[in-house]
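Commentary on secondary and tertiary structure
Here is what each chain is made of, one letter per residue.
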Amino acid sequence: MTRVITVPASPRIRNNKAPQRRNIMTVRSQKRSSPKLSSMLGTSAFAALLFCSGVAALVYQVLWIKQLSLVVGVEVYSISIAVSAFFAGLALGGFLIARRADRLKNPLFTYALLEAGIALLGVTATLLLGHAAPLFTAMQAHVGLLAWILPFLIVGFPAFLMGGTLPIALCSRSMASGAAARTGGLIYAMNTFGGIAGILACSFIFLPQFGVIGTGFAAASLNLIAAVIALVMSRTPRNTSAISPSIQQSDLPRQATLAIVLYSLAGGIALGYEVIWSQAIVQFITTRSFAFSIVLATYLAGLALGSWLYARYADKITNPWGTFGLLIAAAGMVALLEIACLGIWQLRIQATIGELAFSIFGNQFARMCSRFLVAAIGIVFLPTLLLGAAFPAALRLILGKNRIGRDIGIVLALNTAGGIAGTLLTGFILVPKLGLVRTLGILAISAGAVGVIAVLRGLRDDKRMTWMAITISVAALVIVIVTPTDRLARLLTTTRGGGKLISYEESEAGTVAVVQQGTGTNSFNRLYVHGISNSGDAMPSLRYMRLQAFLPLMLHNGISHSALVVGFGTGITAGALLEYPHLSRRVCAELLPAVVSAGKFFRGNFGASHNPELQIRIRDGRRELMRSADRYDLITLEPPPPSAAGVVNLYSRDFYQLAAKRLEPNGIFAQWLPIATQNDEDTRSLVRSFLDVFPTATLWTTELHEMLLIGSLAPMELNVDNISQNFEQPSVKAALEEVGISSPAALLATWVTGREGLEHYADGAPPVTDNRPRIEYSSWVRPDEISRVLPELLALRTEPPLIGGNFVLSSSLSIERENLMTFYSAGLDAYKGDRQAWAHDIGDVLKKDPTNPYYRWSVGEK
């Protein structure tokens, strides 16, 4: 700082009076700028605090939902109840902690304590959830519904503290009367921007790099950073002139009560939109976790940006009631209009933007993520922008000068409670009864009603806003009437390359559709779950799914009496069990009842969906193995690909350890191994997980794009006499001949390698575990990756270690293997675009085995 000299002026000093005056002005200028600089630094630190807190909160939410699915199961009812525990904790914390917020002399110190508490309880919850599944299962068996106390307590306590952070943060800011809406909107926006970073960081950085437990510690670190910032800021003197330290707790004014009720209803409606969007948007994205993260980030971005924009102009709005009402009504109408207008144009825009991203970054991952973003913006962004602006608008109507903390706590608590109710009502009652389009219509009309009530409560002489609200509500009603109820069903066939819609069902757990595709003799039905293909009944699918059941059963050393199939799908694998005579207990665990209902539309499953000899248990496979003590001679899995969100835990080492405990002595475990849905390094990790559990491990090729891992805790012999005897059972032989397996030699020709070859392939690869679900977050599949993976696996081929047999079988086996490998070469020729090589190879195959239905199907013959 410049010093001012006050000694008597000498001639020399007199001559320097002008510079001296400039120095005095400099001092005064610096003194004036110091508070401004301090204020700027304080604001930046406060923004960083809110941002870190928002990041951590969303990381916990994503992480705990993932962990809860392993504790309570992934059935829609179970996971909804578990997630409600998290939001109930937020609501309760917001309500109770905020009641004392206005009395706090140093809110930031309290905020620091809350963040430190969240860090401690957050890490504790993450660690407990990782080991809670066995305890929850045992509690369910002994105390029934009381077992739900466990997940409620584990996630409820840290969520309780989280609920109190926003009211405390708002109370820590000095504000003049009427500035609560602006300040609250900005705080909410910054906190939500942190949430956006959290949801993206969780899927793109934390979980892939640190795993589940490491991600919990990363989130806790952010809480501690926020706590340190708040602690440092709490030591700065606070201007309390705008907020009285003596708070009189009074009842809410009637105006505030009505606004809270309307905003709570709006919260329920908004979460209802989210239920609809989650099912409607999958037709334009995939089931990868990245896609859902981008959609959720877009949802939060709309909320944050809307809140920020409204906060900037909050003080200039003369009719807050009318503005609030129009925002809620317009959000409903826009949400409905966007679904009504969806079409092929959306895919074209996605493709264009995707190609642009690819040209800039040269990366397939960037291409797909940009396509997901376009889909999210087109369906989710604009309505959430309006809903985000409604938050500070509601605060202006509700918050009192001396009860800011208490009032915002009530707002957040009741809005969260409304969201829970809206989610459950929409997902479990409205969608199953009315379908997605009609449910969205009801939500939009309800939003219009909320908007009209709010506008009428505003300035009585503002007829313009009144008519605008009425017009929006009528427009929503008209859109509901003119939009076909099967709008999304029709859209499915458009976005998935055409075909004839055979069946379509919307339920609380998602959409299930059957579409007829192909032409002529190659016509087949395809199953779509959540808008994503889950195989069909074309010849390649028939082949690998029948082998999924028959092959391990015929390898079993002894007579197989029991078998479990995880995943019904088209019913072909489960149906194959019905054709195996020795089985006395056949069980299938399937998550979605609608999938089982759709089974009647697929050929080749022997009526599995309605055959009483097959027990179909509506339960996810992991919970089935945990809850039931039943043991099986065979457990065979046919879940969706491991890259799909939430599926990787059916491919983890932890799951294999659980399944191994449910095998009978000499029991066999079979895992479907798709080789076209993930990159080679991910396939190696899948194999590593399998090898870590099953001492006996073998690999078989069931179709060009599929392989089968078969393992056991006991030695497994390839006894030719036993296999031949099992094959010759009339029902088994007939079923296998239909898919090109006409003899024991043809069956054994699908052998690839044993444990030694698999160890070589998986050498150095990290296993997939519940804590490290790396494949779910791996990079996008490289184009034509099968051209790389299939040769790598086929290079492992060894001669099957047969016990017994004769020269005739050996000769036949050699011919069958050679022909199958030539057929695979033809497939690789097709991927390379080498038509001449393909024609040569497929010609050789058909010349040696002209009646094989599998080979004939590939050239369009029946």
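In the block above lies the structure referred to throughout.
Quick caveat, the model's predicted, so the values are computed rather than measured.

Take the pairing of strand β5 (residues 562-566) next. Of all five residues in β5, five are buried; the element is thus mostly enclosed. What you see with β5 is no split at all: Ser562, Leu564 and Val566 on one side and Ala563 and Val565 on the other are buried throughout. Here β5 runs beside strand β6 (residues 585-590); their pairing, made up of five bridges, is parallel. Bridge assignment links Val566 to a residue of β6, and that residue is Ala589. As for the winding sense of the linkage, the β-α-β connection from β5 through helix α19 (residues 572-578) to β6 is right-handed. Strand direction decides the pairing type here: β5 and strand β8 (residues 632-637), joined by four bridges, are parallel. Bridged to Val566 within β8 is Leu637.

Below, the discussion takes up helix α16 (residues 463-482). Between the first and last C-alpha of α16 there are 28 Å, a value that for 20 residues agrees with the 28 Å anticipated at 1.5 Å per step. All buried positions along α16 are accounted for by Met465, Thr466, Ala469, Ile472, Ser473, Ala476, Ile479 and Val480. The arc that holds every buried residue of α16, seen down its axis, measures 160 degrees, which confines them to one face. Away from its buried face, by an angle of more than 90 degrees, α16 presents the exposed residues Lys463, Arg464, Trp467, Ile481 and Val482. Along its buried surface, α16 packs onto α11 (320-340) and α15 (436-457).

Below, the discussion takes up the sheet that holds strand β13 (residues 751-753). The eight strands are arranged β7-β6-β5-β8-β9-β11-β10-β13 in an open sheet whose pairing can be described as mixed. Each edge of the open sheet is held by one strand with a lone partner, namely β7 (614-618) and β13. Recorded for the sheet is a direction-independent mean angle of 20 degrees between the axes of neighbouring strands. Note that β8 and strand β9 (residues 663-674) share five bridges and pair parallel. Paired with Leu637 across the strands is Gln671, a residue of β9. With respect to the sheet, helix α18 (residues 539-555) is in contact with β8, β9, β10 (696-703) and β11 (706-712), its orientation differing from that of β11 by roughly 15 degrees.

Our focus in this paragraph is the pairing of β9. Counting buried positions along β9 yields nine of 12 residues, so the element is predominantly enclosed. Read as a crossover between parallel neighbours, the route from β8 over helix α22 (residues 653-660) to β9 is right-handed. In terms of strand pairing, β9 meets β11 through six bridges, oriented antiparallel. Along β11, the bridge assignment pairs Trp672 with Leu708.

Calculation criteria
Residues numbered from 1 in each chain as written. Predicted model: local features only at pLDDT ≥ 70, side-chain atom pairs only at ≥ 80, totals over all residues. Heavy atoms only, no water. Buried < 20%, exposed > 50% of the residue type's maximum accessible area, 1.4 Å probe, protein only. Helix = DSSP H or I, 4+ residues; strand = E, 2+ residues; numbered from the N terminus. Pairing = 2+ DSSP bridges. Right-handed = clockwise from strand over helix to strand, strands pointing away. Expected span 1.5 Å × (residues − 1). Arc of directions from axis to C-beta. Contact = heavy atoms within 4.5 Å. Axes fitted to C-alpha atoms, helices over the stretch in contact; angles between N-to-C directions.

Read these as layout, nothing more, since geometry by itself doesn't imply function.
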